[in-house]
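# Structural description and commentary
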Amino acid sequence: MLPRRWRFGWDRYSEDLFTDRYDTNAETLSQAIRAAASEEPDADGSVLFGHLQGTVVGLRYYTGVVNQGEMVGLVRQPQNQYDHNAVMVANIYGNQVGHIKRELAAAMAHVMDNNLAKVEGVVHSGTKNSFTMPLMLSFWGKEENKNAVMESMARHGYKLNTGGGKATGANQKSQGARALSSKKGLTIPLTAAELKNAFDKLFDGLMESEDGEKQAAESVGTPLLPHQKQALSWMCARENKSALPPFWERRGELYYNSLMCFSAKEVPERIRGGILADDMGLGKTLTTIALILTNFHKGKPLPVEKCEEQPSSVKAKTKPEMASKLEGSSKASDGSGSSDAAAGSMRPNLSQVEGICVDSAAVVDKSDKSASRGKKKATKRKPIKEAPKCIEDLDFAAALGGPAAATSSKKKKAATPTPSVESSITESADDLSARTTLIICPLSVISNWLDQFEQHVSANVKLNMYLYYGAERNRSKTFLSSQDVVITTYNVLSADFGNKSPLHGIKWLRVVLDEGHIVRNPNAQMSKAVLDLKAQRRWILSGTPIQNSVKDLWMLLAFLRLKPFDAREWWNRVIQRPVTQGDRAGLQNLQTLVKCITLRRTKGSKVNGRPLVSLPEKRVCVEQVELSQSEREEYELARNEGRNTIARYMTEGTVLRNYADVLAILMRLRQHCCHPDLLAKTSSDLSAAATPSEMRERLIEKLRFVLASGSDEECSVCLDSVNLPVITHCAHVYCRPCIAQVISTEQETARCPLCRSEIKASELVEFPQEAMDEEKSTNSDTWRTSSKVQALMGNLLRLRCEDGSIKCLVVSQFTRFLILLETPLREHGFSFVRFDGTLSQKKRTQVIQEFQSPAADGPAIMLLSLKAGGVGLNLTAASHVFFMDPAWNPATEEQCIDRCHRLGQTRNVFVTKFIVKNSVEEKMVKIQREKQDLVEKAFGSKNTNRKTSRMDDIKALMEL
DNA sequence: ACCGCCGGGTGCC
DNA sequence: ACCGCCGGGTGCC
């Protein structure tokens, strides 16, 4: 008999699927299925076309087994040398079971290749089939493809069973649900309200108290609060305990997954890691640092070098200019100074950031001579060269040396029979040479991490950290894997990905995704880069693990390699679709899954009857603003004009075609409410564009409207905020990668997802950089005020009288408004800083530091752009927040408030939202409120629903 | 017999 | 596969 790989001579595709590079094929095959399903169209909005009994043949040639009731995957094999229509059948682990019988495969191939339907298989009878096996197929797809599918199958002599009656609408839904929940006999779908409620509660009550508390390693300089010790204990347990993953149980010799009806001979790989979903401000960063230091191999602390010499001497020598800044920090003082970091305080001291940057090639400012000097001495801090003074254990001595020292240690050799790090993906054997924790975070929180490490690691401990960032980052794998901690950003990670990425060539001890919810679009490059990392242990830190829908969870589970859900097909079939269709069992299963891997406490949670943290009070009030007579007149003029335009689109049914225009109208109204000078010159009618350059000019103008509004515009492809925005000739805005993918898949027939106009890659228009710059430099020679400005100034002046030490955040979505506000602030002698998305990392750090500093002459006000920096900023110096204009998404406002209403805040927090009376703003607030009750928000991820709900919004806003 | 019938070899796509 | 199919052996009863 030929070796298996010769028998599958078909193609690279299959070769990838079933290559026997790895003995335990679970990993690769699962990945293969995931890869095969990565083009998986979103199952949302699919309806069941019908069922069909089919046959799997060739069982005896393959090793994959299936149990009764188990789902199987169907994968097309267009390159199969015997039959280009071949459809392979694989079990949940991706092991091939057989093929679909030839004739049926011929019928299915057409349907599958043209994406007319997704075909799913379930085995209902018997494992004792030795040659062939019956299989129940179900066909799912978009309603509009149903006929094509039925006809296509009929042409080949197959008639789909539509379940007796003329199944339509709700009928089909319950069928789908029944197919999965029949075992448990639950067929009554959840009501929308129940669903929403259950979903919101998904992360509630995930506080696991039975783990008790764990003391952090000595090297953690900051005493942990009780709930942090609890989290540490839980995290250590998740990394060290070998409990079976959720739904797995032992059955005799086999391991059985009760949810999937799947059994396996090998122990299912345990999930070493999970989701730490504590509310922001509870100390996820500190807990993670504690984890890194406390739980190295075999539950022992990370071996660290303890130095009795002046730890700061190195820094002081190389960076004398920094010495003054470092004074007073725990590292600059002697070894006993660790306690000066206030116990339990999360408040970072940003003056220390540069201290750690010393070890980094991340030349935040390339011209800064201190940074380039720091680079030169980077190797000096490698511990390998200096004899460590205190090593706890021989094992660790080997580990301490990192991979470079690996061969010299006999003991280590025995522990890791396969020294090749790259080739081994299986995580079964603990690779004791893995030393490094990789932390990936958004750019905006890097400084926070560096700072927290500096603050919480004992002063006499040397931790090898490397900030993998900047053009001159050290890409040596040996170097990186000899560090204790490597920090990088999502952007650097995805930029490196596929480009000989050293980060992907190292097998990490631990990978930590900070603000993990930001990777949630599975098609994004960033997601792929994250999923491809090799690590023994994986963690996701996120204060808001779910932002919109169940869908968001997939990425998290896939990252954690929670089998089999890391393959989207199983996730869709077993969790996402049942849950969105209101299946109770599905929701229950989801709850169980999440519960097993997540720890979440909120600010309101209690430990032993006591609140985790006691935050000062927060008061939110709305301050109504009356427009002056002339402002009102201008506003009404604009409103009537806009209303007429939109009403015309409505009657013509061309709202979507003119979506950008509609948004522009709304935005102009919102701008009217803030300040007349925010209004850009009105653009002329798009359809009247004569020349291509004129067209381009106008598209850019439209794009400017959409972007400058900061109105949370989302890309209709990824349903996320637009990233790298481009505008189509039909004036719809998408992320460039998203729309590029649409175009490349559909080729010549590509159409705009919103209005179905033809689109071409060459016609996508970007916002030109010059325009961006020009945007910023809006000059305001002739300054005038506005009612809203007056309202703000009134408040600020009053506060200054009451207490000169009060600091305020002034928040707007319009960065141009923030710039406008500078004038009156200056006029009244306020000292302020501005923080928006355009700031460089270095500048950000500076600005925050300046603002947070308690110095009496420091800035009293921060002009903050609503979306700048995302979450994670620490602005506890402020106790008053002024929202100049309402956001579409109230959660964005909440996050913003949380930047100052968090641990470390000592004053009561007052939030004022300015709303112009009798205006579009009032209606936005009303819609905000209604939205919170809408199930759509959590579950209605259907594109169409979103669009229609947007339409309703527009109608309501314009009183149409 | 350019058939039928028998029984062994054989078996996914 | 306790099948179907193929192709060689065989050929009144």
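Report on the accompanying structure. By convention here, each chain's residues receive numbers from 1 onward along its written sequence. The order in which chains are written sets their letters, starting at A; the order in which ligands are written sets their numbers, starting at 1. Only residues with pLDDT of 70 or above have their local features reported here, since the model is predicted, and side-chain atom pairs are shown and tallied only from 80 upward, although totals for entire chains, interfaces and linings are computed over all residues. In computing side-chain values, all of the structure's heavy atoms are included and hydrogens and water are not.

### Description of the sheet that holds strand 6 (residues 132-141)
Here six strands make up a closed barrel; going around it, the order is 1-4-3-2-5-6 and the pairing antiparallel. Strand-to-strand, the axes of this sheet are offset by a mean angle of 40 degrees, without reference to chain direction. Across two bridges, strand 1 (residues 47-57) lies against strand 4 (residues 96-100) in antiparallel orientation. If you follow Val57 over to strand 4, its bridge partner there is His99. When checking whether two residues touch, look at their non-hydrogen atoms; a contact exists if any pair is within 4.5 Å. The axes used here are C-alpha line fits, helices contributing only the stretch in contact, and every angle between their N-to-C directions lies in the interval 0 to 180 degrees. Secondary structure elements follow DSSP: runs of H or I no shorter than four residues count as helices, runs of E no shorter than two count as strands, and numbering proceeds from the N terminus. Contacting strand 1, strand 2 (71-76), strand 3 (87-90), strand 4, strand 5 (118-122) and strand 6, helix 4 (residues 102-113) crosses the sheet at an angle of about 75 degrees to strand 2. Together, strand 2, strand 5 and strand 6 form the strand contacts of helix 23 (residues 568-580), whose direction differs from that of strand 2 by roughly 135 degrees. A pair of strands is considered paired only if DSSP assigns at least 2 bridges between the two.

### Structural notes on the pattern of salt bridges
Just to be clear on terms, a salt bridge is a Lys or Arg side-chain nitrogen sitting within 4 Å of an Asp or Glu carboxyl oxygen. Using the criterion set out here, one finds 34 salt bridges in the structure. The partner of Glu569 in a salt bridge is Lys118, and the shortest N-O contact between them spans 3.5 Å. Of this pair, Glu569 sits in helix 23 while Lys118 sits in strand 5; the two residues are 451 residues apart in sequence, bridging distant segments of the chain. Using a 1.4 Å probe on the protein chains alone, a residue whose accessible area is under 20% of its type maximum counts as buried, one over 50% counts as exposed, and one in between counts as partly exposed. Judged by its relative accessible area of 22%, Lys118 falls in the partly exposed class. Through salt bridges that share partners, Lys118, Glu120, Glu569, Arg573 and Arg577 make up one connected network.

### A closer look at the sheet that holds strand 27 (residues 861-865)
Taking strand neighbours across the sheet as the criterion, the six strands line up as 21-29-28-25-27-26 in an open arrangement whose pairing is parallel. The sheet terminates laterally at strand 21 (618-625) and strand 26 (832-835), the two strands that pair on one side only. This sheet shows a mean twist of 20 degrees between the axes of neighbouring strands, independent of strand direction. As judged from the four bridges shared by strand 26 and strand 27, these two strands associate in the parallel manner. Bridge pairing links Phe832 to Ile861 in strand 27. The sheet contacts of helix 33 (residues 890-898) involve strand 21, strand 25 (808-812), strand 27, strand 28 (880-883) and strand 29 (909-916), and relative to strand 28 the element is tilted by about 155 degrees.

### Brief notes about the protein's contact with DNA strand B
Near DNA strand B there are 13 residues, and of these Tyr61, Tyr62, Asp83, His99 and Arg102 occur at the shortest range. In these notes, residues near a molecule or strand are those with any non-hydrogen atom within 4 Å of it. Those atoms of DNA strand B that come within 4 Å of the protein belong to sugar or phosphate at a rate of 52%. Whenever two N or O atoms come within 3.5 Å, that pair is a polar contact, provided that in protein one can donate a hydrogen and the other can accept it, and provided that, for residues adjacent in sequence, both atoms are side-chain atoms. Note that a sugar or linking oxygen of DNA strand B is positioned 3.4 Å from one of the backbone N or O atoms of Gly58. Gly counts as polar in this scheme, as do all residues outside two lists: the nonpolar Ala, Val, Leu, Ile, Met, Phe, Trp, Tyr, Cys and Pro, and the charged Asp, Glu, Lys and Arg. Of the residues belonging to the surface near DNA strand B, the class tally is six nonpolar, three polar and four charged.

### Overview of the packing of aromatic side chains
Put simply, two rings from Phe, Tyr or Trp (the six-membered ring, in Trp's case) pair if the centres are within 6.5 Å, and we call them stacked under 30 degrees between planes, edge-to-face over 60, tilted for the rest. With the rule as written, the count across this model stands at eight aromatic pairs. Ring geometry for Trp234 versus Trp539: centroids 5.5 Å apart, planes at 65 degrees, classification edge-to-face. Taken together, the positions of Trp234 in helix 8 (residues 226-240) and Trp539 in strand 17 (residues 534-541) put the pair 305 residues apart, joining distant regions of the chain. For Trp234, a relative accessible area of 2% puts it in the buried group. The interplanar angle of 85 degrees and the centroid separation of 6.4 Å between the aromatic rings of Trp248 and Phe262 together place this pair among those described as edge-to-face. With a gap of 14 residues between them, Trp248 in strand 7 (residues 248-251) and Phe262 in strand 9 (residues 262-264) connect regions that are remote in the sequence. By the burial criterion, Trp248 is buried, and Phe262 matches it. Each member of the aromatic cluster is reached from another via a ring pair, and the members are Tyr93, Trp248 and Phe262. Placement of a positive charge over a ring is assigned whenever Lys NZ or Arg CZ falls within 6 Å of the ring centre and within 35 degrees of the normal to the ring plane. The side chain of Lys807 reaches across the aromatic face of Phe851, ending 5.1 Å from its centre.

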